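Understanding the architecture of this molecule
The residues making up each chain are set out below.
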Amino acid sequence: MFKAVRSVTDFRSLDEAEILIGYMDGMAGVVGEKDMTTSYWHGWRNGAVDAGFIEPDQAQLQLEEEFAKLAEM
């Protein structure tokens, strides 16, 4: 399985294009392929959460807090 993305630093190491492709698949309810990258998987999970297919996990909530702290600066 993939290492969960919990920090802004982790997020910045991901490929933005793969995140977007994964996100769009997650929003559409498409199940990712078994050889997906961490970037795709991160986008897919977020898309699936935003579409209401799954609940956010602890890592997603932690990353959301990290981004909220940045927005406050």
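Up top is the structure.
An account of the accompanying structure is given in this report. Each residue is numbered by its place in its chain's sequence as written, counting from 1. Owing to the predicted nature of the model, reporting of local features is limited to residues with pLDDT of at least 70; listing and counting of side-chain atom pairs is limited to 80 or more, with chain, interface and lining totals taken over all residues. Here the side-chain values reflect all heavy atoms present in the structure, with hydrogen atoms and water set aside.

**A closer look at the packing of aromatic side chains**
Paired rings are identified among Phe, Tyr and Trp, the last through its six-membered ring, by centres lying within 6.5 Å, and are further divided according to the angle between planes into stacked (under 30 degrees), edge-to-face (over 60) and tilted (the rest). Summed over the entire model, instances satisfying the criterion amount to one aromatic pair. Ring centres of Phe11 and Phe67 lie 5.3 Å apart, and the angle between their planes is 85 degrees; this geometry places the pair in the edge-to-face category. With Phe11 in helix α1 (residues 8-12) and Phe67 in helix α4 (residues 58-72), the pair connects residues that are 56 residues apart, well separated along the chain. Only runs of H or I of at least four residues qualify as helices and only runs of E of at least two qualify as strands under DSSP, and these elements are numbered from the N terminus.

**Some remarks on the environment of Tyr40**
Note on placement: Tyr40 falls in helix α3 (residues 38-50). Partly exposed describes any residue whose relative accessible area lies between the buried limit of under 20% and the exposed limit of over 50%, with all areas from a 1.4 Å probe on protein chains only and scaled to the type maximum. With a relative accessible area of 11%, Tyr40 lands in the buried category. Along the primary structure Tyr40 and Gly29 are separated by eleven residues, whereas in three dimensions their C-alpha atoms are 14 Å apart. Setting aside residues no more than four positions away along its own chain, Tyr40 makes contact with Glu18, Ile21, Gly22, Asp25 and Gly32. Between two residues, a contact is recorded if the distance between any of their heavy atoms is within 4.5 Å.

**Observations concerning α3**
A rise of 1.5 Å per residue sets the reference length of α3, with its 13 residues, at 18 Å; its end C-alpha atoms lie 18 Å apart and thus fit the reference within 8%. The buried fraction of α3 amounts to ten of the 13 residues, a majority that puts the element mostly inside the structure. Residues of α3 that are buried include every one of Ser39, Tyr40, Trp41, His42, Gly43, Trp44, Arg45, Gly47, Ala48 and Val49, and no others. Residues of α3 that are buried make contact with α1, α2 (16-28) and α4. Remark: Gly52 follows α3 within two positions and exhibits a positive phi of approximately 85 degrees. Multiply 1.5 Å by the residue count of a helix minus one, and that product is the helix's expected span.

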